[in-house]
Amino acid sequence: MLLFTGKGGVGKSTVAAGTAALAAAGGQRTLVLSTDAAHSLADAFGCAPGFIGAEPTEVADRLFVQQVDAQLRFEQSWADIQRYLLSILDVAGLDPVAAEELTVIPGAEEVLALLELRLQALSGAWDVIVVDCAPTAETLRLLALPEALGWYMHRVLPVERRVIKALRPVLSRAAGVPMPGDTVFDALERLHAELEEVRALLSGPDASVRIVLTPENVVLAEARRAYTTLSLFGYRVDGVVANRIFPAEGADDWRAGWVMAQDEVLERVAESFAGLPIRRSAYRPREPVGVEALTALAREVYDEDDPLAAAKGRGPFRISSGEHGAVLRLSLPLVSRAEVDLARNGDDLVVTVGSYRRLITLPSGLARYRIAGARVEQGELQVRFVEDPVDETGR
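Residues numbered from 1 in each chain as written. Predicted model: local features only at pLDDT ≥ 70, side-chain atom pairs only at ≥ 80, totals over all residues. Heavy atoms only, no water.

Q: Lay out a negative patch on the surface in plain terms, naming residues and giving numbers.
A: Taken together, the side chains of Asp263, Glu264, Glu267 and Glu271 make up a negatively charged region of the molecular surface. Classification of Glu271 by relative accessible area gives exposed; the value is 60%. (Patch = residues over 30% accessible without salt bridge, like charges linked within 9 Å, V, L, I, M, F, W, Y side chains within 5 Å. Areas by Shrake-Rupley, 256 points an atom, 1.4 Å probe, with all protein chains shown as cover. Salt bridge = Lys/Arg side-chain N within 4 Å of Asp/Glu carboxyl O. Lys, Arg positive; Asp, Glu negative; His and termini not counted. Charge placed at Lys NZ, Arg CZ, Asp CG, Glu CD. Buried < 20%, exposed > 50% of the residue type's maximum accessible area, 1.4 Å probe, protein only.)

Here is the structure:
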């Protein structure tokens with residue numbers, strides 16, 4: 001599974017579609033789908049309106065495109081929860097049409113596209129799945145969701161479920177609104193389990209993320225943050241595509257200025273993503289639309305490289321054991337020690353970088369050890385644990 005993300009407008013949908021077309025041309029049965037509510041894949045392939053629907057549609061030999069039917073998936077995954085929310089809003093006297101709008105969770109389409117990705121991955125029908133992700137910020141929030149929801153499901157929901165079950169008659173009379181029943185809790189647990197499967201698939205060895213950017217300082221800054229945050233949440237970044245590079249040959253004064261400015265940014269791109277393959281795509285005189293044009297673009301991007309080559313390295317998260325303890329290692333590229341905040345709360349290790357926070361539940365083998373030290377070295381957070389048992393406060 002290959003996920004493509006980047007700042008809006010950098011051409012990630014085009015690069016994702018091109019990579020999928022090249023994979024299919026190489027004999028791989030390939031599915032490309034989008035978690036971006038804009039759904040521009042059909043436009044990239046030059047398909048007529050309505051040609052691509054909720055089920056995988058073949059647009060070329062072994063190449064299938066899918067635009068997720070968010071309404072259908074929403075009804076399957078959210079219906080029980082929505083019915084409960086509607087019952088509360090009905091008691092409050094809210095107009096039914098307005099109430100239905102309020103019970104649609106923000107970002108629902110992107111979340112449901114992830115659930116569709118899970119179904120397609122588990123189907124075994126595909127050699128390759130290419131995902132055209134939403135712009136960077138939305139993608140990062142989306143990929144952080146399964147772990148955040150997991151914390152709530154394991155620590156808060158069981159207690160809440162027991163309390164409400166015991167006090168439902170009293171609470172319903174006192175508050176005047178219906179309390180959630182087992183079907184609501186079951187739906188939340190089912191949603192969490194499905195999203196957790198998605199997280200396991202996308203952070204596993206058969207999945208990786210590619211960042212698409214254009215040679216602009218603002219775009220590079222966002223790409224750097226994305227690289228750090230994706231690593232924080234355990235997702236493997238296996239390459240960068242620098243798109244829309246002005247060709248230097250035959251440049252007039254205006255274009256020569258752009259070539260010089262882009263070259264300066266491309267030098268910083270190489271420094272920022274050292275160790276990752278950085279592929280380039282020239283600015284074309286016209287949009288690459290259709291399977292042939294997209295395949296040609298991808299051939300230029302990957303040149304002689306295999307577009308489906310397995311990601312190198314050991315992954316962004318690992319634990320190594322020693323004689324007197326262990327070291328937890330988490331890849332955090334492009335950050336300094338001052339930008340990382342580390343805390344421990346019981347069995348959880350809380351890592352904060354900027355506005356993003358990850359709660360890592362420690363394995364049982366480490367939960368009873370105390371933290372002896374931590375440092376950020378060569379793009380990696382290293383937390384050292386020693387055998388001394390933690391005290392009752394978890395310190």
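Q: Report on helix H1 (residues 12-25), specifying residues and quantitative values.
A: The end-to-end C-alpha distance of H1, which contains 14 residues, comes to 20 Å, matching closely the 20 Å that a straight helix rising 1.5 Å per residue would cover. Phi turns positive one or two residues past the end of H1, at Gly27, with a value near 100°. (Helix = DSSP H or I, 4+ residues; strand = E, 2+ residues; numbered from the N terminus. Expected span 1.5 Å × (residues − 1).)

Q: Got a sec to walk through the nonpolar core? Specific residues and values, please.
A: The biggest cluster of nonpolar side chains holds 90 residues, and the ones touching the most others in it are Phe45, Leu202, Leu213, Phe273, Leu332 and Val351. Beyond its immediate stretch of four places on either side in the chain, Leu213 contacts Val10, Val219, Leu220, Ala223, Val240, Val241, Ala242, Asn243, Val269 and Phe273. (Core = buried A, V, L, I, M, F, W, Y, C linked by side-chain atoms within 4.5 Å. Contact = heavy atoms within 4.5 Å.)

Q: Pulling in residues and values, what's your account of the sheet that holds strand E11 (residues 340-345)?
A: Strand order in the open sheet formed by three strands is E11-E12-E13, and the pairing between neighbours is antiparallel. Each edge of the open sheet is held by one strand with a lone partner, namely E11 and strand E13 (356-361). Adjacent strand axes in the sheet meet at a mean angle of 20° when their direction is disregarded. Relative to E13, strand E12 (residues 348-353) runs antiparallel, the two sharing six bridges. Within E13, the residue paired with Val351 across the bridge is Arg358. (Pairing = 2+ DSSP bridges. Axes fitted to C-alpha atoms, helices over the stretch in contact; angles between N-to-C directions.)

Q: Which residues make up the packing of aromatic side chains, and what values do they have?
A: Applying the stated rule across the entire model yields seven aromatic pairs. Counting every residue linked through ring pairs, the aromatic cluster contains Phe246, Trp254, Trp258 and Tyr283. Taking the ring centre of Phe317 as reference, the NZ or CZ of Arg358 above it sits at 5.5 Å. (Phe/Tyr/Trp six-rings, centres within 6.5 Å; stacked < 30°, edge-to-face > 60°. Lys NZ or Arg CZ within 6 Å of the ring centre and 35° of its normal.)

Q: Go over the sheet that holds strand E2 (residues 30-34), please, and point to the residues and values.
A: Taken together, eight strands build an open sheet; the order of strands is E3-E4-E2-E5-E1-E6-E7-E8 and the sheet is mixed. Where the open sheet ends on each side, the last strands, each with one partner, are strand E3 (57-60) and strand E8 (278-282). With direction set aside, neighbouring strand axes in the sheet form an average angle of 25°. With four bridges connecting them, strand E1 (residues 2-5) and strand E6 (residues 208-213) associate as parallel partners. If you follow Phe4 over to E6, its bridge partner there is Arg210. Each of E1, E2, strand E4 (63-66), strand E5 (128-132), E6 and strand E7 (237-245) is contacted by H1, which is oriented at about 155° to E1, the strand it contacts most.

Q: Report on the pairing of E4, specifying residues and quantitative values.
A: As a general feature of sheets, a regular strand has side chains that alternate between the two faces. On E4, burial covers both faces: Leu63 and Val65 on one face and Phe64 and Gln66 on the other are all buried. Here four bridges tie E2 to E4, and the two strands are oriented parallel to one another. Residue pairing for E4: Leu33 is matched across the bridge by Gln66. Looking at chain direction, E3 and E4 are connected through three bridges and run antiparallel. The partner of Thr57 across the bridge, within E4, is Val65. A loop of two residues connects E3 with E4, the two strands running antiparallel in sequence, and Arg62 in this loop sits at a positive phi of about 70°.

Q: Could you give an account of the packing of helix H9 (residues 217-232) against helix H10 (residues 253-272), with specific residues and numbers?
A: Across the interface, H9 lies against H10 with an axial gap of 10 Å and an inter-helix angle of 5°. Classed by the angle they form, the pair H9 and H10 counts as roughly parallel. Every residue of H10 that contacts H9 at Asn217, Leu220, Arg224 and Tyr227 is listed here: Val265, Arg268, Val269 and Ser272. Taken together, the residues that form the contact of H9 with H10 break down as four nonpolar, two polar and two charged. (Parallel < 35°, antiparallel > 145°, perpendicular 65-115°, else oblique. Nonpolar A, V, L, I, M, F, W, Y, C, P; charged D, E, K, R; others polar.)

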